[in-house]
Amino acid sequence: MSFFKNMLSDKHKSYMNILCALIKKDLFLLKKKSKTMFFNSLILLSMELLTMGYLYPLFGMPTYLIIPTFIGWPLINIMVNLAYVFCMKYTLGAIYTGYGFMSYDLTLPLPIGYLITYYLLSFIIEASAATLPLLIIGLTLLSHLGISFQGSIILFCVLYILGLGLFASTFLGMSFWYQNTWFKNNAWTRRIGPLMAFGAIATPWFEIYKYSKIISYLMLLNPLTYLVEALRASLLYNGTFISLPICTMIIGLCYFITIQWLLQSMRRKLDLI
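Colleague: Looking at this structure, I do not really get the overall build of the chain. What am I missing?
Modeller: Helices and strands together make up the secondary structure of the chain, namely twelve helices and zero strands. Listing each helix as α and each strand as β along the chain from the N terminus yields α-α-α-α-α-α-α-α-α-α-α-α. Just so you have it, the chain exposes about 14200 Å², and 68% of that area is on carbon and sulfur atoms.

Colleague: How should the nonpolar core be read in this particular structure?
Modeller: As a rule of thumb, soluble globular proteins bury nonpolar side chains together. In this structure, F70, I76, F167, F171 and L172 are the most contacted members of the largest nonpolar core, which totals 81 residues. Top contributing element to this core by residue count: helix α6 (residues 112–144), with 15 residues. Excluding residues within four positions of it along the chain, F171 makes contact with V80, A83, Y84, C87, F183 and I192.

Colleague: What's the story with helix α2 (residues 10–58) in this structure? I'm lost.
Modeller: Along an α-helix, a turn takes 3.6 residues, which lines up residues three or four apart on a common side. Compared with an ideal rise of 1.5 Å per residue, which puts 49 residues at 72 Å, α2 spans 63 Å between its outermost C-alpha atoms and falls more than 12% short. Along its length, α2 shows its largest kink, about 55°, at K33. Of the residues flanking the end of α2, it is G60, one or two places downstream, whose phi is positive at about 105°.

Colleague: Would you mind showing me how to read the pattern of salt bridges here?
Modeller: Side-chain pairing between opposite charges can occur once the charged atoms of the two side chains come close. Under the criterion given, the structure shown has three salt bridges. The shortest N-O distance in the salt bridge between K25 and D26 comes to 3.9 Å. Residue class for K25 comes out partly exposed when judged on its relative accessible area of 34%. Judged by relative accessible area, D26 falls into the buried class, the value being 17%. For E229, the salt bridge identified is with R232, shortest N-O distance 2.9 Å. Within this pair, E229 and its partner R232 are both found in helix α11 (residues 223–235), separated by three residues, close to a single helical turn. Considered together, E229 and R232 belong to a single accessibility category, that of buried residues.

Colleague: I tried to follow a nonpolar patch on the surface on my own but got confused; where do I start?
Modeller: The grouping of I43, M47, L50, Y54, L55, L58 and F59 at the surface amounts to a nonpolar patch, some 780 Å² of accessible area in total. Looking at the secondary structure, you find Y54 in helix α2.

Colleague: Help me understand the packing of helix α7 (residues 153–177) against α11, please; the structure alone is not making it clear to me.
Modeller: When two helices pack together, their arrangement is given by the angle between the helix axes and the distance between those axes. Here α7 crosses α11 at 165°, and the two axes come no closer than 8 Å. Taken together, the axes of α7 and α11 are roughly antiparallel relative to one another. The two elements α7 and α11 cross, and the hand of that crossing is left-handed. Contact with α7, carried on its side by I153, L155, F156, L159, Y160, G163 and F167, involves L224, L227, A230, L231, S234 and L235 of α11 and no other residues of that element. Taken together, the residues of the contact of α7 with α11 sort by class into eleven nonpolar, two polar and no charged.

Colleague: What exactly am I supposed to notice about the packing of α7 against helix α8 (residues 180–197) here?
Modeller: Axis separation between α7 and α8 bottoms out at 9 Å; the angle between their running directions is 135°. Viewed along their axes, α7 and α8 adopt a mutual orientation that is oblique. For the element pair α7 and α8, the recorded crossing hand is right-handed. On α8, the residues touching F171, M174 and S175 of α7 are N180, F183, R191 and I192.

Parameters and conventions
Residue positions are given per chain, counted from 1 along the sequence in the order it is written. Only residues with pLDDT of at least 70 get local features here, since the model is predicted, and only at 80 or more are side-chain atom pairs given and counted; chain-wide, interface and lining totals rely on the full set of residues. The side-chain figures draw on all heavy atoms in the structure; neither hydrogens nor water molecules are used. A helix here means a DSSP run of H or I that spans at least four residues, while a strand means a run of E at least two residues long, and both kinds are numbered starting from the N terminus. Note on areas: these come from Shrake-Rupley sampling with a 1.4 Å probe, and a residue is covered only by the protein chains present in the view. Among buried residues, the Ala, Val, Leu, Ile, Met, Phe, Trp, Tyr and Cys ones that are joined through side-chain atoms within 4.5 Å form a nonpolar core. For each residue, the accessible area found with a 1.4 Å probe, counting protein chains only, is set against the maximum for its type, and the residue is called buried under 20%, exposed over 50%, and partly exposed in between. Two residues qualify as a contact provided that any one of their heavy atoms is within 4.5 Å of a heavy atom in the partner residue. Given the number of residues in a helix, its expected span is that number minus one, multiplied by 1.5 Å. To get the bend at a given residue, fit one axis to the seven residues ending there, fit another to the seven starting there, and take the angle between those axes. Whenever a carboxyl oxygen of Asp or Glu lies within 4 Å of a side-chain nitrogen of Lys or Arg, that contact is scored as a salt bridge. Residues enter patches when their relative accessible area tops 30% and they take part in no salt bridge; the joining distance is 9 Å for like charges and 5 Å for the nonpolar side chains Val, Leu, Ile, Met, Phe, Trp and Tyr. Axes here refer to lines fitted to C-alpha atoms; in helices the fit is confined to the stretch in contact. Angles between the N-to-C directions go from 0 to 180 degrees. Any angle between 65 and 115 degrees counts as roughly perpendicular, while under 35 counts as roughly parallel, over 145 as roughly antiparallel, and the rest as oblique. In a left-handed crossing the near helix is turned counterclockwise from the far helix by less than a right angle, and in a right-handed crossing that turn is clockwise. Note on residue classes: Ala, Val, Leu, Ile, Met, Phe, Trp, Tyr, Cys and Pro are nonpolar, Asp, Glu, Lys and Arg are charged, and everything else, Gly too, is polar.

Listed below in structure tokens is the structure:
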């Protein structure tokens, strides 16, 4: 970090110092709520593991679909709910207490790019600390049940963190783009719900392709399809998922688009200089 700071101008060194101080503050606060976050995630993950590793096989689900299904709806649902709750604190804060959690942030001498970086890093750190260790434990338990995977846990973690950042930028973009009351009342049913329902989350994309080529091609218009297929491909190198390089390229493109949208959304609503 110090080597990177030496490459910056004095002005940007000051911005980086403020950013690091904000992250340290979040890490301090994270320690206080880490137990609650851990147990909440543990309860949810335990139910999913019981369902995926025990009940679904009893109903006749093939073994090769267990991990792809576990990485699908349960995992994406956790990521989406974490991102939704994260951005709702800014939306609800604006509705009931002016700018709520942003009241202090708006007084800082930070450009909008650094402020967005802080929000994204804050969410990624908190969400990763709450869920990533449990996901690794869950995948390990599934492997002990005879449900093996040949991929890379490290690659999966990297893609998972990228996915968290993509959700955070997308949901923050929506929360600043739309009116606060509209987002509170309609975002889930009109934007988030349809996106999740039509994104190859419940089953791998090629399984949908076998059933209906038209539906599978339409699902390629949904960025969630590429994210969940990338997570599956990182753990299961068996050629039955969309190519990992293609998925990574699409995710990167979506990152660029959502960040630009978030920048414009925040400028439009907050008129930051």
